Amino acid sequence: MSNILMLSAHATRIDRRIVAEANALADSGRSVTLVSVPAAVEQGLLDGRVELVLCSSQDLQGLGWRRRFVEKGKTLLKAWPWFYQVQKRLYRASGGWKRAGAAEVLVRRCPTAAYDVIHCHDLDTLPAAVQLKREIAPGAKIIYDSHELWPYQVKDKAFQEYWKGVETSLIGQTDRVITVNDSIARQMVEFYAIAMPAVVYNSHEAAGPPAAVTGEEFLGHFAVPKGGLNVLYQGNIGPERNLENLVAAFAELGTDVRLLMLGEGELARSLKAACARKGIANVFFAPPVSQTRLLGFTRLADMGIIPYTDDGILNNRFCTPNKLFEFIAAGVPVCASDLPELRKIVKDQGIGEVYPMGSARQIASAVEDCLSRRQKGEFTAASMQAAQEKYSWVRQRQALLKVYQELGV
């Protein structure tokens, strides 16, 4: 039986891709230890056979991490500072994002064992994987699971150069690279002259049948009145996602077309203030729901929207966000930006349409057209079913296990 060490620096909440992969490997008979920075793990999602080692906030003292209090009085870690524009400026001045962080604390808290595989999620854990192999598991194979085109998540040149250097220096020490779509895989080959990474999509894995959610409960969660058409955005309400234009677009649409924002994030407060200031009455905000209830909410929307644009950020250009696969799993038509991977999945599968979304006017036009075509029955149940099968977690699980089989672990 292979002994696998997984490393995660996903703060606040462990990404469901990590949970799904850990569960799949445990279910295959492998032993899995998941070491993570402080993060929430929803009860019942992680397979009981996975050993979870959560670092504490005290482990992060002096490592340049920013902490804050969140709901219910719990102290959790806010996501890495460079995702936020204001914090980014401060960290650029101090060089704070170069300090030891995830790698040091993960190494410190990792149980000593004879690991056969060190499976690290995202670039900020790759230094830890290389160090742990050197110090405690010299025979282990390293699998680098890149959820993002990590150096190119923001426009900051210093950030890009630093993390491109880290990736360049360490990727050659990995035994296999996994990533989230074909475009990012090809980009990594171009950057680093490595073998083509295996692709495991961020497909949604439900932990059992989705919880039933009534229409009344759905509308009540957003405090939205009955009637009209509901367009759903779900996920992080943060920068670099074109959300300012998304909200502004609904000022140009009739009040019978509503934007429902399901999630939380740095921009939530400012977007709410903008709606109040401009009198935009058809945008409604609500906190996130548990993963076990998410699909029950998602499937009651009339349409899902993904407004990300290229905007000079490669990671946005090649995105396939979690919400895409949540919309697919829920059978909800998708209105998306015309980006390479979104076009390949949304348009080519016939589950929605892609549009230019560089301005509020373009987004408003896209929403009008996509809703009209939806009402005409263009995005059929058969297309939805085909997409669900093609991008199902069952298939992604097979792709993941194939990587392990090919490595002999």
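Residues numbered from 1 in each chain as written. Predicted model: local features only at pLDDT ≥ 70, side-chain atom pairs only at ≥ 80, totals over all residues. Heavy atoms only, no water.

1. Some remarks on the overall build of the protein chain
Part 1: Helices and strands together make up the secondary structure of the protein chain, namely 16 helices and 17 strands.
Part 2: A total of 409 residues make up the protein chain; the buried ones form 57% of that total.
Part 3: Long-range contacts, defined as pairs at least 24 residues apart, comprise 70% of the intrachain contacts of the protein chain with a sequence gap of at least 6.
Part 4: When the accessible surface of the protein chain is totalled, it reaches about 16800 Å², and 49% of it is carbon and sulfur. (Helix = DSSP H or I, 4+ residues; strand = E, 2+ residues; numbered from the N terminus. Buried < 20%, exposed > 50% of the residue type's maximum accessible area, 1.4 Å probe, protein only. Contact = heavy atoms within 4.5 Å. Areas by Shrake-Rupley, 256 points an atom, 1.4 Å probe, with all protein chains shown as cover.)

2. Some thoughts on the confidence of the model for the protein chain
Caution applies to low-pLDDT regions: their predicted coordinates should not be interpreted in detail.
Part 1: Per-residue pLDDT for the protein chain has a mean of 89; in total, 89% of the residues score no lower than 70.
Part 2: Here residues 64–100 is modelled with pLDDT under 50, and outside its nearest four sequence neighbours on either side it reaches 73 contacts, counting other chains as well. (pLDDT = per-residue confidence, 0-100.)

3. Examining the nonpolar core
Part 1: One finds F250, M261, I305 and V367 to be the most contacted residues of the largest nonpolar core, which totals 68 residues.
Part 2: Here this core takes 7 residues from helix α14 (residues 360–375), the largest share from any one element.
Part 3: Dropping the residues within four chain positions of it, V367 is found in contact with V231, F250, L253, V257, M303, I305 and C335.
Part 4: Counting 44 residues, the second largest nonpolar core, distinct from the first, contains V53, L123, Y152 and I171. (Core = buried A, V, L, I, M, F, W, Y, C linked by side-chain atoms within 4.5 Å.)

4. Observations regarding the sheet that holds strand β5 (residues 51–54)
Part 1: What the 7 strands build is an open sheet, ordered β5-β3-β1-β8-β9-β10-β11; its pairing is parallel. Strands with a single pairing partner mark the edges of an open sheet, and in this sheet they are β5 and β11 (198–199).
Part 2: Pairing of strand β1 (residues 3–8) with strand β3 (residues 31–36), which is carried by 6 bridges, proceeds in the parallel orientation. In the sheet register, L7 faces β3, and the bridge partner there is V35. (Pairing = 2+ DSSP bridges.)

5. Brief notes about the pairing of strand β10 (residues 176–179)
Every regular strand shows the same layout, with side chains that alternate between the two sheet faces.
Part 1: Where strand β9 (residues 141–146) meets β10, 4 bridges bridge the pair, whose relative direction is parallel. Across the sheet, Y144 pairs through a bridge with V177, a residue of β10.
Part 2: On the question of chirality, the crossover connecting β9 to the parallel β10 by way of helix α5 (residues 157–170) is right-handed.
Part 3: Crossover handedness for the path β10 to helix α6 (residues 182–192) to β11: right-handed. (Right-handed = clockwise from strand over helix to strand, strands pointing away.)

6. Regarding helix α3 (residues 102–109)
Part 1: Three or more residues of α3 are buried, namely A102, A103, V105, L106 and V107.
Part 2: On its buried side, α3 packs onto β1, β3 and α4 (126–135).

7. Things to note about the packing of α5 against α6
Part 1: Their axes nearest at 11 Å, the elements α5 and α6 cross at an angle of 80°. Relative to α6, the element α5 lies roughly perpendicular. Counted together, K164, E167 and T168 of α5 and M188, F191 and Y192 of α6 form the full contact between these two elements.
Part 2: Tallied by class, residues from the contact of α5 with α6 come to 3 nonpolar, 1 polar and 2 charged. (Axes fitted to C-alpha atoms, helices over the stretch in contact; angles between N-to-C directions. Parallel < 35°, antiparallel > 145°, perpendicular 65-115°, else oblique. Nonpolar A, V, L, I, M, F, W, Y, C, P; charged D, E, K, R; others polar.)

8. A short note on the sheet that holds strand β17 (residues 352–355)
Part 1: With parallel pairing, the 6 strands of this open sheet are ordered in space as β14-β13-β12-β15-β16-β17. The sheet is open, and its two borders are formed by β14 (283–286) and β17, each paired with just one other strand. Between one strand axis and the next, the sheet turns by 25° as a mean value, whatever way the strands run.
Part 2: For strand β12 (residues 229–234) and strand β13 (residues 257–262), the ladder comprises 6 bridges, and the chain directions are parallel. By the bridge assignment for β13, L229 is matched with V257.
Part 3: In the packing of helix α13 (residues 340–347) onto the sheet, contacts are made with β15 (303–306), β16 (334–337) and β17, and the angle to β17 comes to roughly 155°.
Part 4: On the sheet, α14 packs against β12, β13, β15, β16 and β17 and is oriented at approximately 160° with respect to β17.

9. A short note on the packing of α6 against α13
Part 1: Where α6 meets α13, the closest approach of the two axes is 8 Å, and the angle between their N-to-C directions is 150°. Considered as vectors, α6 and α13 are oriented roughly antiparallel to each other. When α6 is examined against α13, the residues D182, S183 and R186 are found in contact with a partner set consisting of P340, E341 and K344.
Part 2: In terms of residue class, the contact of α6 with α13 is built from 1 nonpolar, 1 polar and 4 charged.

10. Examining the environment of V41
Part 1: Assignment of secondary structure puts V41 in the loop between β4 (39–40) and β5.
Part 2: The partly exposed category is assigned to V41, whose relative accessible area is 28%.
Part 3: A sequence separation of 27 residues divides V41 from I14, and the C-alpha atoms of the two residues are 6.2 Å apart.
Part 4: Dropping the residues within four chain positions of it, V41 is found in contact with I14, L46 and L52.

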